Amino acid sequence: MMIESVIEEDYQELVELWEASVRATHKFLKEEDIQFYKPLILNEYLKAVELLCVRNENRQIIGFLGVAEGIIEMLFIHPLSRGTGIGKLLLKYAINTLKIYKVDVNEQNEQALGFYEHMGFKVVKRSELDSMKKPYPILHMEYKLSAKNSNK
């Protein structure tokens, strides 16, 4: 699997992957929240980050990473590709190549929280509301370099 840059022509495919991933993992979101965020993802959020992706053998994007200002802002994997190492590959790239050690995670997204903790991230702060002032608490996490997790 190779990590590639994303171009603007890929944005619609990223939004479709984002929606599939969110529906599989963000059970706490209401339908109106998904519909609220969807155009923001397409028209604002994707343009605000550096985007990298992994494609399958058919050149379909099956996972993507978005980073900005030293923070992992997005890491989404297509539901059919979860558990195949794509998330770990993208996260390791962010840590080892981009030197990014921070991520914000929805507190209710227990799968993502467990993934980041397994990969060596620790919660350093909690915000009661998300960036849009919606009642979805955010956990601010940082990667702690140590001998223990340097081999992950």
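Conventions we followed
Residues numbered from 1 in each chain as written. Predicted model: local features only at pLDDT ≥ 70, side-chain atom pairs only at ≥ 80, totals over all residues. Heavy atoms only, no water. Core = buried A, V, L, I, M, F, W, Y, C linked by side-chain atoms within 4.5 Å. Buried < 20%, exposed > 50% of the residue type's maximum accessible area, 1.4 Å probe, protein only. Helix = DSSP H or I, 4+ residues; strand = E, 2+ residues; numbered from the N terminus. Contact = heavy atoms within 4.5 Å. Phe/Tyr/Trp six-rings, centres within 6.5 Å; stacked < 30°, edge-to-face > 60°. Lys NZ or Arg CZ within 6 Å of the ring centre and 35° of its normal. Polar contact = N/O pair within 3.5 Å; in protein donor to acceptor, adjacent residues only side chain to side chain. Arc of directions from axis to C-beta.

The biggest cluster of nonpolar side chains holds 24 residues, and the ones touching the most others in it are L65, I72, L75, L91, Y116 and F121. Those elements giving two or more residues to this core turn out to be β2 (50-55), β3 (61-68), β4 (71-77), α3 (86-96), β5 (102-106), α4 (110-118) and β7 (138-143). Looking at this core element by element, the count peaks at 5 residues for α3. Grouped together as the second largest cluster of nonpolar side chains are 23 residues, V15, L40, M74 and Y136 included.

Okay, unusual backbone geometry next. Even without a glycine there, the phi angle at K99 is positive, about 60°. Tracing the backbone shows K99 in the loop between α3 and β5. In this structure, K133 takes a positive phi of about 65° despite not being glycine. Note that K133 resides in the loop between β6 (121-127) and β7.

Another point: the side chain of N109. Looking at the secondary structure, you find N109 in the loop between β5 and α4. Excluding residues that lie within four positions of it along the chain, N109 makes contacts with T25, H26 and F28.

Counted by the stated rule, this structure contains 7 aromatic pairs. Between Y101 and Y143 the ring centres are 6.1 Å apart and the planes differ by 15°, which places this aromatic pair in the stacked class. Here Y101, found in the loop between α3 and β5, pairs with Y143, found in strand β7; they are 42 residues apart in sequence, far enough to count as distant. Three or more aromatic residues joined by ring pairs make a cluster, and in this case those are Y101, F115, Y116, F121 and Y143. Lying over the aromatic face of F36, K134 brings its terminal NZ or CZ to 4.4 Å of the ring centre.

Here the focus is the environment of K27. Residue placement: K27 occurs in the loop between α1 (11-25) and α2 (31-45). Taking relative accessible area as the criterion, K27 reaches 65% and is therefore assigned exposed. Separated by 57 residues in sequence, K27 and T84 have C-alpha atoms that sit 22 Å apart. At 3.1 Å, the side chain of K27 and the backbone oxygen of R23 are in polar contact.

Turning our eyes to something else, we now look at α4. Note: α-helices contain 3.6 residues per turn, so residues at a spacing of three or four share the same orientation. Of all the positions in α4, only A112, L113 and Y116 are classed as buried. Buried residues in α4, looked at end-on, bunch into an arc of 100°, giving them a common side. Contact partners of the buried residues in α4: β4, α3, β5, β6 and β7. Note on α4: the residue one or two positions beyond its end, G120, has a positive phi of about 105°.

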